[in-house]
Amino acid sequence: MSDACCGAGPNASGGPDVGAEDEGRWRIPAAVLAAGAWLVGIGFEVAGSEAVAVVAFGVAVVAGGATFVPGAVRGLARGRLGVGLLMSIALVGAVALGQCGEAASLAFLFSISEALEEWAVTHSRRGLRAVLSLVPDTARVRRGAVTVEIASAELRIGDRVVLWAGERLPTDGVVVEGRSSLDVSAVTGESMPVDVESGSVVLAGSINGGGVLEIEATAATVDSTLARVVRAVEEAQDRKGRAQRLADRIARPLVPGILLVAAAIAVLGSVLGDPGEWIERALVVVVAASPCAFAIAVPVTVFAAIGAATQAGLVIKGGAALEALGTVRVVALDKTGTLTRNRPTVIEVIPVPGEDRARAVSFAASLEACSDHPLARAIAAASSSFPAATDVQAVAGHGITGTVEGRTVRVGKPGFIDAAALAVDVARLQARGATAVLVEVDGDTVAVIGVRDELRPEAVEVIEALHRRGVRVVMLTGDNTATAVALAAQAGIDDVRAELLPADKTRAVEQLAAHGGVAMVGDGINDAPALATAQVGIAMGAAGSDVAIEAADIAIMGDRLTHLPDVLDHAVRTRRIMIQNLVLSGLIIAVLIPVAAFGWLGLGAVVATHEIAEIAVIGNGLRARRRLHRGGAIAPVTTSEREVVHA
């Protein structure tokens with residue numbers, strides 16, 4: 001906490017402060033050493049071995065003080081005052097008064113709070129750049145009449161990239177030759193494969209699902225969409241890391257006020273009375289004002305709350321996330337993989353009059369079983385049994401053909417196959433946000449199959465729960481408008497923003513922030529910049545990408561949304577407990593300062609009061625460990641799910 005007011009500022013580059021992360025690695029062992037030395041000192045003090053106790057207390061003072069005193073001094077040199085400075089002065093004052101045990105207690109208590117906070121911050125910064133592994137190491141580039149393989153990093157604007165089926169595009173570009181369907185879910189969140197042809201704009205990270213494509217690069221690899229996503233996340237996280245914490249905002253006026261009061265007591269008392277007595281009394285005032293309870297008020301509450309959340313299947317990355325989530329008034333939800341499962345399914349089959357529904361699906365499944373297209377898997381799964389197909393051929397960007405039981409069968413998109421009498425049904429399915437797949441047998445269109453990525457079964461319940469809490473819900477998606485609007489209507493969401501690229505989602509989050517604190521919930525790489533930009537980013541952990549999880553402040557380990565309303569309630573309650581602890585700590589200080597200044601309480605009584613206050617604060621903070629509600633439909637969190645979140 002002291003770093004926010006007293007520590008070093010952000011690095012000059014504006015990127016993540018690696019030096020701060022390195023510093024955080026030694027804070028925890030230093031705090032543990034300080035705590036252990038203090039306990040040893042107490043033991044020897046009780047046993048009557050004063051000399052050994054003083055040595056142990058000295059070790060605690062040095063080890064604990066090293067975690068916050070240097071930062072406080074650096075902050076003072078920059079004119080920045082915080083809790084760390086006040087704790088440093090109280091530490092020096094206690095030592096000057098010969099109260100080594102109290103000084104050791106101050107040192108280890110505050111060092112532990114600092115270590116816990118550092119751990120929460122540094123733990124959330126690993127693995128971000130793993131997203132760049134989506135870029136293949138090499139790329140095929142056409143050089144005149146020949147094709148050569150070069151390192152992806154050597155790609156330049158204007159290069160002609162040859163992309164075979166199943167390969168991933170290394171950079172952004174425009175299709176100049178060929179037709180195919182691309183899986184772009186990693187970048188745009190589009191749940192269904194996108195058909196592309198000459199002139200289509202394609203993005204780095206897209207996977208070619210069909211025919212061979214020739215693509216003209218429009219960006220170098222380092223400037224591709226994926227690279228920009230990584231930079232946006234890093235910059236947003238760095239801005240968020242510099243935000244002032246609640247305790248430090250309160251400490252800003254408190255620290256100089258206490259220092260002025262102590263200085264006034266020492267100066268005025270020395271003028272009017274015995275300088276030695278009043279200087280000592282001023283030091284007692286500083287010790288009385290030492291924010292022991294204040295320093296642990298937030299960390300104790302935070303880690304009690306985080307422990308409870310972890311047991312309920314959530315990973316919360318520190319107190320800042322809890323504080324921010326407690327003030328959220330807008331929840332922005334990604335569609336694909338968040339509101340839906342990203343598993344296309346057949347929602348309706350409409351045969352022409354006189355045609356058997358099961359027979360039509362069986363014919364389609366026979367062909368689609370030979371394809372690895374996501375829609376093909378959904379259609380094949382819709383038929384319990386189907387005959388084997390022969391002479392199967394994929395028509396890139398259009399559909400698939402073959403022979404089933406001696407009949408010529410074609411399955412594909414409208415235009416490739418004439419909708420004929422099913423034109424009205426095709427339009428209706430498309431209006432509902434479904435992909436219409438037509439089935440043709442021996443030249444006659446026999447059925448249309450509607451395929452769509454459906455809502456999670458708990459989505460409607462979750463949206464209703466958020467509305468009951470007065471939270472505004474918005475859908476942000478890279479999917480097409482028709483699909484997004486149809487699914488939003490089912491879920492009960494009336495604010496839909498579709499066909500968004502990662503940068504568009506980030507801008508949408510920034511616009512929504514004008515209406516209150518924004519929590520962004522997503523699971524994909526395309527959501528990462530928005531997750532990092534939002535006041536609170538929440539990643540769907542089990543199904544989410546590593547970069548989304550690392551960019552987010554909170555990760556849902558399981559693959560269900562049901563925890564979302566509960567974690568909001570948990571954050572509100574936790575923030576309320578934090579404020580209660582801070583108010584109680586502040587009141588203790590406000591009472592002890594005048595009492596100590598008038599000499600009504602000696603140092604021993606002041607120390608005892610602080611210890612009682614600390615016990616009260618700890619007891620109140622531990623109320624935050626009450627477990628979140630878990631409905632009976634929530635599946636237990638498995639070991640593999642926990643590993644995915646990198647908790």
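Just above, that's the structure.
From a predicted model like this one, the values you see are computed outputs, not experimental measurements. (Residues numbered from 1 in each chain as written. Predicted model: local features only at pLDDT ≥ 70, side-chain atom pairs only at ≥ 80, totals over all residues. Heavy atoms only, no water.)

Draft legend 1. Looking closely at the overall build of the protein. Broken down by element type, the protein carries 23 helices and 22 strands. Considering only contacts in the protein between residues 6 or more positions apart, those separated by 24 or more positions represent 69%. Accessible surface for the protein amounts to roughly 26000 Å². Of this, 60% is attributable to carbon and sulfur atoms. (Helix = DSSP H or I, 4+ residues; strand = E, 2+ residues; numbered from the N terminus. Contact = heavy atoms within 4.5 Å. Areas by Shrake-Rupley, 256 points an atom, 1.4 Å probe, with all protein chains shown as cover.)

Draft legend 2. Spotlight on the pattern of salt bridges. Overall, the coordinates contain 20 salt bridges when judged by the stated rule. A salt bridge links Glu348 to Arg428; its shortest N-O distance comes to 3.0 Å. Note that Glu348 is positioned in strand S12 (residues 340–351) and Arg428 in helix H15 (residues 423–431), a separation of 80 residues in sequence. The class for Glu348 is partly exposed, based on a relative accessible area of 22%. Note that Glu440 is salt-bridged to Arg410, the shortest N-O span being 2.8 Å. Pair noted here: Glu440 is in strand S16 (residues 435–441) and Arg410 is in strand S15 (residues 407–412), with a separation of 30 residues, a long-range link. We classify Arg410 as partly exposed; its relative accessible area is 23%. (Salt bridge = Lys/Arg side-chain N within 4 Å of Asp/Glu carboxyl O. Buried < 20%, exposed > 50% of the residue type's maximum accessible area, 1.4 Å probe, protein only.)

Draft legend 3. Spotlight on a nonpolar patch on the surface. Residues Leu33, Val55 and Val59 make up a contiguous nonpolar surface patch of roughly 250 Å² in combined accessible area. Here Val59 shows up in helix H3 (residues 50–65). (Patch = residues over 30% accessible without salt bridge, like charges linked within 9 Å, V, L, I, M, F, W, Y side chains within 5 Å.)

Draft legend 4. Structural view of the nonpolar core. With 79 residues, the main nonpolar core has Leu325, Val331, Leu333, Leu339, Ile493, Ile538 and Leu564 as its most contacted residues. The element best represented in this core is helix H10 (residues 292–311), accounting for 11 residues. Ignoring sequence-local partners within four residues, the contact set of Leu564 consists of Val331, Leu333, Val462, Leu466, Val521 and Ile538. Among the nonpolar cores identified, the runner-up in size contains 22 residues, and Leu367, Val409, Val441 and Val451 belong to it. (Core = buried A, V, L, I, M, F, W, Y, C linked by side-chain atoms within 4.5 Å.)

Draft legend 5. Highlighting the layout of surface pockets. What the second largest pocket holds in volume is close to 1200 Å³. Taken together, 49 residues line the second largest pocket, and the ones lying closest to its centre are Ser181, Pro193, Val194, Asp195 and His373. Broken down by element, the lining of the second largest pocket gets its largest block of residues, four residues, from strand S13 (residues 389–395). (1 Å grid on protein atoms, 1.4 Å probe; cavity = no way out; pocket = protein on both sides within 12 Å on 5 of 7 lines; lining within 4 Å. Points joined across faces, edges and corners; volume = space filled by probe spheres on them.)

Draft legend 6. Molecular detail of the pairing of strand S20 (residues 517–522). Burial runs high along S20: six of the six residues are buried. The side-chain alternation of S20 yields two buried faces, one formed by Gly517, Ala519 and Val521 and the other by Val518, Met520 and Gly522. Pairing of strand S11 (residues 328–334) with S20, which is carried by five bridges, proceeds in the parallel orientation. Of the residues in S20, the one forming a bridge with Leu333 is Val521. (Pairing = 2+ DSSP bridges.)

Draft legend 7. Molecular detail of the packing of aromatic side chains. This model, assessed by the stated rule, comprises one aromatic pair. Positioned above the aromatic ring of Trp164 is the side chain of Arg140, whose terminal nitrogen or guanidinium carbon lies 3.6 Å from the ring centre. (Phe/Tyr/Trp six-rings, centres within 6.5 Å; stacked < 30°, edge-to-face > 60°. Lys NZ or Arg CZ within 6 Å of the ring centre and 35° of its normal.)

Draft legend 8. Representation of the packing of helix H9 (residues 275–288) against helix H21 (residues 563–597) within the structure. Running from N to C, H9 and H21 cross one another at 170°; their axes reach a closest spacing of 9 Å. Regarding the angle of H9 to H21, the classification is roughly antiparallel. Between H9, through Trp278, Arg281, Val284, Val285 and Ala288, and H21, the contact on the second element is made entirely by Ile589, Leu592, Ile593, Ala596 and Ala597. The residue inventory of the contact of H9 with H21, partitioned by class, reads nine nonpolar, no polar and one charged. (Axes fitted to C-alpha atoms, helices over the stretch in contact; angles between N-to-C directions. Parallel < 35°, antiparallel > 145°, perpendicular 65-115°, else oblique. Nonpolar A, V, L, I, M, F, W, Y, C, P; charged D, E, K, R; others polar.)

Draft legend 9. Representation of helix H14 (residues 374–381) in the model. Of the positions making up H14, those classed as buried are Leu375, Ala376, Ala378, Ile379 and Ala380. Among the structural elements, S12, helix H13 (357–368), S16 and strand S17 (444–455) are those in contact with the buried residues of H14.

Draft legend 10. Structural context of unusual backbone geometry. Even without glycine at this site, Ala420 takes up a positive phi of about 50°. Here Ala420 is to be found in the loop between S15 and H15. We classify Ala420 as partly exposed; its relative accessible area is 48%.

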